[in-house]
Amino acid sequence: MQTWTQMKDIQPLAAQMLMNSFKKDRISHAYLFQGNRGTGKREMSILFAKSIFCKNREGAEPCQSCRDCHRIDSGNHPDLHWIEPEGQSIKKEQILHLQKEFTYTGLESNRKVYIIVDAEKMTVNASNRLLKFLEEPNQQTTAMLLTESGPTILDTIRSRCQLLAFQPLNPLRVREKLVEEGVSESNARLLSSLTNNLTEALEMNEDEWFANVRKLVIQLIEVLQNKPNEGLLFINHQWMPHFKERTQLQRGLDVLMLWFQDVINQLLDREESIIFTTERENLNQAAMRWSRQSAARSLTDILEAKRKINQNVHPNLVMEQLTLQLQR
Ligand SMILES: [Zn+2]
């Protein structure tokens, strides 16, 4: 459940524009929400719909507790329609069905709102159908088109929409949002260092595979510190079996890089920047094992390994070489 105050934190410009439309009592017939996945488009569209339907709205802020607000939260408000891709695309029939629904006046008020998710996936026929619909706007209808890729939307549709650009989130904001969503502080630090996509970060937080990546990185460090002779054994028996795809291995190396950045943070007493906050003892040990120079050199080695994996060098080979470099 989001409020405008929270949305203004994440997307100041877009939120302000929508809030203003309530202040001036001028809600457009169509909006295009454009921005990467995880930038809050869906959350903002739900909040906007609530503000439109809520009868206890104060300023732009909906009450969040009336029947209208509740039914929007649970996804069954009779005058709010969602259109999402069926399979790979949004088809003409889906738009036709929507239009048919809209020939009846709103079930409970005169207002109707529809939200098209992944609007760039509309087929040409669906787009043309929607265009006709937008050309004859009904006073009480509001459309929200959500898309990651604005340029693929027909110009004729774009020109009929008020454009709202959703900006990428900054890492600190992502971290705060994740903690608000119940992610632990240490995981939030790690995830927000890997992606500025809130949705992806939340998915990774639930992902057992990713939880094991974190564990494996810590284990690799422990092996390098305490049992350097077993480094290659660990790589072949524990590490490699977990990273079947090259993209997965890249992710593992990203986390390993964050570890070495932490070693440097630890050596420089940059407390606030430390990511692995739950691994203090390991970090202390690492700060004795690695100097600033050798940790920095390790970062370069990992970057080089990432580059090789991109260039299709055999992953096993790359990891074995990297392990030998890291334990120099
Ligand atoms: Zn309400």
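So, here is what we can say about the structure in this document. What you see is a predicted model, and the numbers here were worked out from it, not measured in a lab. (Residues numbered from 1 in each chain as written. Predicted model: local features only at pLDDT ≥ 70, side-chain atom pairs only at ≥ 80, totals over all residues. Heavy atoms only, no water.)

1. Description of the overall build of the protein
Consideration 1: Of regular secondary structure, the protein possesses 16 helices and five strands.
Consideration 2: At 25 Å, the protein has a C-alpha radius of gyration far larger than the 20 Å of a compact globule built from 328 residues.
Consideration 3: Considered along the principal axes of its C-alpha atoms, the protein spans approximately 75 × 40 × 30 Å.
Consideration 4: The 328 residues of the protein split such that 48% are buried.
Consideration 5: Taking the intrachain contacts of the protein between residues at least 6 apart in sequence as the baseline, contacts between residues at least 24 apart amount to 69%.
Consideration 6: By element, 48% of the accessible surface of the protein is carried by carbon and sulfur atoms, the whole surface being about 16,700 Å². (Helix = DSSP H or I, 4+ residues; strand = E, 2+ residues; numbered from the N terminus. Rg over C-alpha atoms; globule rule 2.2 N^0.38 Å. Buried < 20%, exposed > 50% of the residue type's maximum accessible area, 1.4 Å probe, protein only. Contact = heavy atoms within 4.5 Å. Areas by Shrake-Rupley, 256 points an atom, 1.4 Å probe, with all protein chains shown as cover.)

2. Quick look at the packing of helix α12 (residues 231-242) against helix α16 (residues 315-326)
Consideration 1: Two elements in contact, α12 and α16, have axes whose closest approach is 9 Å; the angle formed by their N-to-C orientations is 140 degrees. In terms of their interaxial angle, α12 and α16 are classed as oblique. In this structure, α12 meets α16 at a crossing whose hand is right-handed. Between α12 and α16, the contacting residues are G231, L232, I235, N236, W239 and M240 on the first element and P315, N316, M319, E320, T323 and L324 on the second.
Consideration 2: Of the residues in the contact of α12 with α16, the class split is seven nonpolar, four polar and one charged. (Axes fitted to C-alpha atoms, helices over the stretch in contact; angles between N-to-C directions. Parallel < 35°, antiparallel > 145°, perpendicular 65-115°, else oblique. Left-handed = near helix turned anticlockwise from the far one by under 90°. Nonpolar A, V, L, I, M, F, W, Y, C, P; charged D, E, K, R; others polar.)

3. Section: the nonpolar core
Consideration 1: Counting 76 residues, the largest nonpolar core has W4, W239, L256, W259 and F260 as its most contacted members.
Consideration 2: When residues in this core are grouped by element, the largest group, 10 residues, is from helix α13 (residues 246-267).
Consideration 3: With near-sequence residues (within four places) excluded, W259 lies in contact with V217, I218, I221, F276, E279, N282, L283 and A286. (Core = buried A, V, L, I, M, F, W, Y, C linked by side-chain atoms within 4.5 Å.)

4. A look at the coordination of the zinc ion
Consideration 1: Looking at the zinc ion, one finds its protein donor set to be C54 (SG), C63 (SG), C66 (SG) and C69 (SG), positioned 2.3 to 2.4 Å from the metal centre.
Consideration 2: Viewed at the metal, the four donor atoms of the zinc ion are separated by angles of 102 to 119 degrees, and the geometry they form is tetrahedral.
Consideration 3: Considered as a linear motif, the donors of the zinc ion on their single chain read C-x8-C-x2-C-x2-C. Of this pair, C54 sits in the loop between α3 (41-53) and α4 (67-73) while C69 sits in helix α4; the two residues are 15 residues apart in sequence, bridging distant segments of the chain. (Donors = N, O, S within 2.8 Å, 3.2 Å for Na, K, Ca; no water. Tetrahedral: all angles 85-135°; square planar, octahedral: opposite > 155°, others 65-115°.)

5. Some details on the pattern of salt bridges
Consideration 1: The full count for this structure, using the stated rule, is 18 salt bridges.
Consideration 2: A salt bridge links R71 to D68; its shortest N-O distance comes to 3.7 Å. On the criterion of helical spacing, the pair formed by R71 and D68 is a turn pair, its members being three residues apart in helix α4.
Consideration 3: Close ionic contact of R175 with E185 constitutes a salt bridge, the shortest N to O distance being 3.6 Å. (Salt bridge = Lys/Arg side-chain N within 4 Å of Asp/Glu carboxyl O.)

6. Overview of the side chain of K308
Consideration 1: Within the secondary structure, K308 sits in helix α15 (residues 292-310).
Consideration 2: Buried charge without a partner: K308 forms no salt bridge, and the closest opposite charge is E304, 4.5 Å away.
Consideration 3: Excluding its chain neighbours within four sequence positions, the residues that come into contact with K308 are V313, V318 and Q321. (Lys, Arg positive; Asp, Glu negative; His and termini not counted.)

7. Quick word on the packing of aromatic side chains
Consideration 1: This structure, assessed with the given rule, holds 10 aromatic pairs.
Consideration 2: Taking the centre distance of 5.1 Å and the plane angle of 85 degrees together, the rings of F260 and W290 count as edge-to-face. Here the residue F260 occupies a position in helix α13, and W290 occupies one in the loop between α14 (280-289) and α15, the gap between them amounting to 30 residues. For the pair F260 and W290, one class covers both residues: buried.
Consideration 3: Among the aromatic residues, ring-to-ring pairing joins F22, Y31 and F48 into one connected group.
Consideration 4: Across from the ring centre of F102, 5.0 Å away, lies the NZ or CZ of K112, which sits over that ring.
Consideration 5: Across from the ring centre of W290, 4.5 Å away, lies the NZ or CZ of R289, which sits over that ring. (Phe/Tyr/Trp six-rings, centres within 6.5 Å; stacked < 30°, edge-to-face > 60°. Lys NZ or Arg CZ within 6 Å of the ring centre and 35° of its normal.)

8. Here we look at the side chain of N282
Consideration 1: Along the chain, N282 turns up in helix α14.
Consideration 2: Only 3.2 Å separates the side chain of N282 from the side chain of E222, close enough to count as a polar contact.
Consideration 3: Apart from residues no more than four positions distant in its own chain, N282 is found in contact with I218, E222, Q225 and W259. (Polar contact = N/O pair within 3.5 Å; in protein donor to acceptor, adjacent residues only side chain to side chain.)

9. A word on the packing of helix α5 (residues 92-103) against helix α6 (residues 124-135)
Consideration 1: Close contact between α5 and α6 brings their axes to 7 Å; oriented N to C, the two are set at 20 degrees. The angle between α5 and α6 falls in the class roughly parallel. From α5, K92, I95, L96, L98, Q99 and F102 reach across to α6, where they touch N125, A126, R129, L130 and F133.
Consideration 2: A breakdown of the residues in the contact of α5 with α6 according to their chemical character gives seven nonpolar, two polar and two charged.

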